[in-house]
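Remarks on the overall topology
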Amino acid sequence: MNAGARLCVQKYGGTSVADPDRLRAVGARIVRRLESGTGVVVVVSAMGKTTDDLIKLAHQVTARPGGRELDMLLSTGEMVSSALLAMVLRERGHPAIGLTGAQAGVRTDSTFNRARITEIDTRRIEAELAQDQVVIIAGFQGITSEADVTTLGRGGSDTTAVALAAALGAKTAEIYTDVDGVYTTDPRVDPKARKLHDIAYEEMLEMAAQGARVLHPRAVELGLLYDVPILVASSFRDTVPGTIIRRQVAMEPTNRVRGIALDRDVAAVTVRAVPDRPGIAAQLFGPLADAAISVDTIVQNASVERLTDLTFSVAQDDWRRAQEIVEPVARAIGAAEVIADHHMAKVSIVGTGMQTAPGYAATMFRALAEASINIQLITTSDIRITALVADASGEAAVRVLHAAFQLDEPVEASRD
């Protein structure tokens with residue numbers, strides 16, 4: 001079946017399906033799309049704070065819930081949502097079926113809690129669509145080749161939706177949530193934030209990876225890889241247009257910085273007085289990779305008497321484990337000590353136009369200095385500059401930079 005031309009994949013987040021009233025509202029939105037002649041595949045998150053509640057429940061019975069069993073537990077939240085939404089649609093006279101990730105053919109690797117989709121066998125979905133069923137799929141989950149249930153990490157339902165859109169040949173993936181779209185920064189941090197009409201995949205990927213919680217980074221990565229446009233819109237306000245994430249975007253010639261991201265989920269680990277010789281970095285970071293701990297910013301100071309300090313950042317949830325893993329390695333290589341600071345924030349400016357024009361770093365650093373915000377670490381990519389600052393200064397840094405780059409000011413942009 002090649003239903004892409006008349007098929008859309010919609011994803012509804014936890015707030016969108018938080019209670020029976022919200023489920024009925026989502027059902028009404030789906031029915032309107034069906035009545036327009038479009039086939040619909042739906043991906044749902046767990047209702048409201050269900051995932052958080054399940055994690056708390058796990059920690060009430062053990063301090064260290066195993067990854068496999070935790071994934072089994074967490075996957076139940078999305079199953080509840082898919083079953084209930086299918087019931088809502090049937091009540092409205094539309095045939096619908098709820099499927100788990102495994103039943104929908106979502107195959108993953110064996111990295112529990114952070115699995116990656118390896119393939120999607122769409123035969124079951126296509127068979128149900130051929131019977132005019134609305135297919136409601138539990139997001140955030142899949143199954144390994146050993147038939148173990150896995151989860152894709154927080155926000156993984158976004159990834160499920162975009163992966164399904166790619167596998168099914170759908171024209172777009174529509175992500176419905178409690179925000180109107182993608183803003184120049186988090187409106188809760190800076191009320192002057194401006195909603196973007198569209199944004200390039202590369203820009204959104206950097207924003208998501210650096211702390212913007214609108215969309216899971218892996219979802220954007222898949223959109224870029226398979227050229228699936230992604231619409232981010234509100235499920236609460238039907239008349240408000242969202243933001244489209246795609247390859248070609250409207251030009252904003254007067255402003256090459258498109259957004260500012262804030263990540264509070266940051267900790268820094270520093271290994272002091274590391275011997276400056278080949279192979280040391282591999283010895284330190286190899287065990288972290290083996291433990292599936294993602295390392296972001298890495299800074300090594302200039303060597304003094306063949307000793308250097310090496311600092312790297314990890315997610316808040318990983319800093320204790322990272323420190324435990326690195327400490328024996330540090331002792332083995334003769335480093336002085338390992339210290340951690342989990343009161344950090346990461347502030348990033350993002351924009352593809354930064355590649356071709358100078359002065360962005362100078363403007364960023366000057367604005368932060370004038371606000372007496374101390375930069376502890378700096379890292380860059382072609383379209384991003386990131387500064388690590390004290391957590392207490394994170395929100396102030398966002399507001400300062402938003403003003404410095406005039407992101408609150410409307411710009412004239414050509415629409416395609």
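What comes next is a walk through the structure. Just so you know, these numbers come straight off a predicted model, no measurement behind them.

Each value, and the rule that gives it
- Residues numbered from 1 in each chain as written.
- Predicted model: local features only at pLDDT ≥ 70, side-chain atom pairs only at ≥ 80, totals over all residues.
- Heavy atoms only, no water.
- Helix = DSSP H or I, 4+ residues; strand = E, 2+ residues; numbered from the N terminus.
- Rg over C-alpha atoms; globule rule 2.2 N^0.38 Å.
- Contact = heavy atoms within 4.5 Å.
- Areas by Shrake-Rupley, 256 points an atom, 1.4 Å probe, with all protein chains shown as cover.
- Lys, Arg positive; Asp, Glu negative; His and termini not counted.
- Charge placed at Lys NZ, Arg CZ, Asp CG, Glu CD.
- Buried < 20%, exposed > 50% of the residue type's maximum accessible area, 1.4 Å probe, protein only.
- Pairing = 2+ DSSP bridges.
- Axes fitted to C-alpha atoms, helices over the stretch in contact; angles between N-to-C directions.
- Expected span 1.5 Å × (residues − 1).

Here we look at the overall build of the protein chain
For the protein chain, the count of helices and strands is 11 helices and 18 strands. Relative to the globule expectation of 22 Å for 416 residues, the C-alpha radius of gyration of the protein chain, 23 Å, shows essentially globular dimensions. Seen through its C-alpha atoms, the protein chain measures out along the principal axes to roughly 75 × 55 × 35 Å. Excluding contacts between residues fewer than 6 apart, the proportion of contacts in the protein chain whose partners are at least 24 apart in sequence is 75%. For the protein chain, the exposed surface amounts to about 18900 Å²; the carbon and sulfur share of it is 50%. Distance from the positive charge centre (43 side chains) to the negative charge centre (52 side chains) of the protein chain: 2 Å.

Focus: the pairing of strand β18 (residues 384-390)
Extensive coverage of β18 is indicated by the burial of 6 of its 7 residues. Sheet topology places strand β16 (residues 337-350) next to β18; 7 bridges connect them, and they run antiparallel. Directly across from Val 347, in β18, lies its bridge partner Ala 387. In this structure, strand β17 (residues 377-381) lies alongside β18, joined through 5 bridges in antiparallel fashion.

Description of the sheet that holds strand β14 (residues 298-300)
Strand order in the open sheet formed by 6 strands is β14-β15-β13-β16-β18-β17, with antiparallel pairing between adjacent strands. Looking at the sheet topology across the chains shown, the edges are occupied by β14 and β17. The sheet shows a mean angle of 30 degrees between the axes of neighbouring strands, taken without regard to direction. Note that strand β13 (residues 259-275) and strand β15 (residues 307-314) share 7 bridges and pair antiparallel. Residue pairing across strands places Val 271 opposite Leu 310, the latter belonging to β15. Its contacts with the sheet put helix α9 (residues 319-333) on β13, β15 and β16, and the angle it makes with β16 is roughly 125 degrees.

Remarks on helix α5 (residues 156-168)
Between its first and last C-alpha atoms α5 spans 18 Å; for 13 residues at 1.5 Å apiece the expected length is 18 Å, and the two agree. Within α5, 11 of the 13 residues are buried, which leaves the element mostly enclosed by the surrounding structure. Where α5 is concerned, the buried positions are Gly 156, Ser 157, Asp 158, Thr 159, Thr 160, Ala 161, Val 162, Ala 163, Leu 164, Ala 165 and Leu 168. Gly 169 sits one or two positions beyond α5 and adopts a positive phi of about 75 degrees.

Examining unusual backbone geometry
Negative phi values dominate among residues other than glycine, just as trans dominates among peptide bonds. Its identity as a non-glycine residue notwithstanding, Asn 113 has a phi of 75 degrees, on the positive side. As for its position among the elements, Asn 113 is in the loop between β4 (106-108) and β5 (117-120). At Gln 406, a position not held by glycine, the phi torsion is positive, near 55 degrees. The topology assignment puts Gln 406 in the segment after α11 (394-404). Overall, Gln 406 belongs to the partly exposed group, its relative accessible area being 43%.

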